[in-house]
Amino acid sequence: MTILELKKMMMKAKKEDKTKANALMMLVDTAQKIAKEKGVDVDEKIIAEAAKKLSKMAKESIDAGMEEAKKELEIYESFLPKMLSEEETLKIIKEIIDEIGGKNMGEIMKRLKQRGDVDLGLASKLIKSL
C-alpha cells in the first residue's frame, strides 16, 4: 500500500466513520514522520512500522480504560504483517540455528527481527526451550 492509497482511504472514511478517519490520519502522519527521520520514502514497511507504533499506543490507552481505542487498534492492526504461527516460528528458528552453527540468542533474534513477521516474545520463549 502506498501513502496515496492510505490518504484516499482516509478521505473516504471522513464521510463515513470519524474514528476510522482519525486513526488513518494518525497513521499517515506517523508514517510520514518515520520516513522523514530515516530519509526514505513512505512504503509498506514504513506504514507497518507506524501501525506497530500506534498499535502499542492504542493498547496502552485500552489498558488505561479508554474503550474507544479498541476500534483504532483494529484499524492499526489491519496494516501489520500477518505473524507466523508457533510451528512456523520454531521452524525458522531451527533453520537459523543450523545456518549460524549454534544457539546464539542475539544473532537469532536479530535475524528474526529483520523478517518482521515473527512475534519476538514467542520466539524468545521458543529459543530458550530448545
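Rules used in this analysis
- Residues numbered from 1 in each chain as written.
- Predicted model: local features only at pLDDT ≥ 70, side-chain atom pairs only at ≥ 80, totals over all residues.
- Heavy atoms only, no water.
- Axes fitted to C-alpha atoms, helices over the stretch in contact; angles between N-to-C directions.
- Helix = DSSP H or I, 4+ residues; strand = E, 2+ residues; numbered from the N terminus.
- Parallel < 35°, antiparallel > 145°, perpendicular 65-115°, else oblique.
- Left-handed = near helix turned anticlockwise from the far one by under 90°.
- Contact = heavy atoms within 4.5 Å.
- Nonpolar A, V, L, I, M, F, W, Y, C, P; charged D, E, K, R; others polar.
- Patch = residues over 30% accessible without salt bridge, like charges linked within 9 Å, V, L, I, M, F, W, Y side chains within 5 Å.
- Areas by Shrake-Rupley, 256 points an atom, 1.4 Å probe, with all protein chains shown as cover.
- Salt bridge = Lys/Arg side-chain N within 4 Å of Asp/Glu carboxyl O.
- Lys, Arg positive; Asp, Glu negative; His and termini not counted.
- Charge placed at Lys NZ, Arg CZ, Asp CG, Glu CD.
- Buried < 20%, exposed > 50% of the residue type's maximum accessible area, 1.4 Å probe, protein only.
- Polar contact = N/O pair within 3.5 Å; in protein donor to acceptor, adjacent residues only side chain to side chain.

## Quick look at the packing of helix α1 (residues 3-16) against helix α2 (residues 18-38)
Packing of α1 against α2 brings their axes to within 7 Å, and their N-to-C directions diverge by 155°. One element, α1, and the other, α2, form an angle in the roughly antiparallel class. Where α1 crosses over α2, the handedness of that crossing is left-handed. When α1 is examined against α2, the residues Ile3, Leu6, Lys7, Met9, Met10, Ala13, Lys14 and Glu16 are found in contact with a partner set consisting of Lys18, Lys20, Ala21, Leu24, Met25, Leu27, Val28 and Gln32. The class makeup of the residues in the contact of α1 with α2 is 10 nonpolar, one polar and five charged.

## So, a negative patch on the surface
Negative charge collects at one region of the surface, where Glu5, Asp41, Asp43 and Glu44 lie side by side. Structurally, the position occupied by Asp41 is in the loop between α2 and α3 (44-63). Look at Asp41 and you get exposed, because its relative accessible area is 68%.

## Some details on the side chain of Ser55
Residue placement: Ser55 occurs in helix α3. For Ser55, a relative accessible area of 3% gives the class buried. Engagement of the side chain of Ser55 in a polar contact is seen with the backbone oxygen of Ala51, the distance being 2.7 Å. Here Ser55 is in contact with Leu73, Tyr76, Glu77 and Leu80, once residues within four sequence places are set aside.

## A look at the pattern of salt bridges
The final tally for this structure, using the stated rule, is eight salt bridges. In this structure, Asp17 and Lys71 form a salt bridge, with 2.4 Å as the shortest nitrogen-oxygen distance. Taken together, the residues Asp17 in the loop between α1 and α2 and Lys71 in helix α4 (residues 69-77) connect sequence positions 54 residues apart. The closest approach of N and O atoms between Lys38 and Glu49, which form a salt bridge, is 2.8 Å. Linking Lys38 in helix α2 with Glu49 in helix α3, this pair joins segments that are 11 residues apart in sequence. Under the relative-accessibility criterion, Glu49 is labelled partly exposed at 33%. One salt-bridge network, in which partners are shared between bridges, spans Glu99, Glu107 and Arg111.

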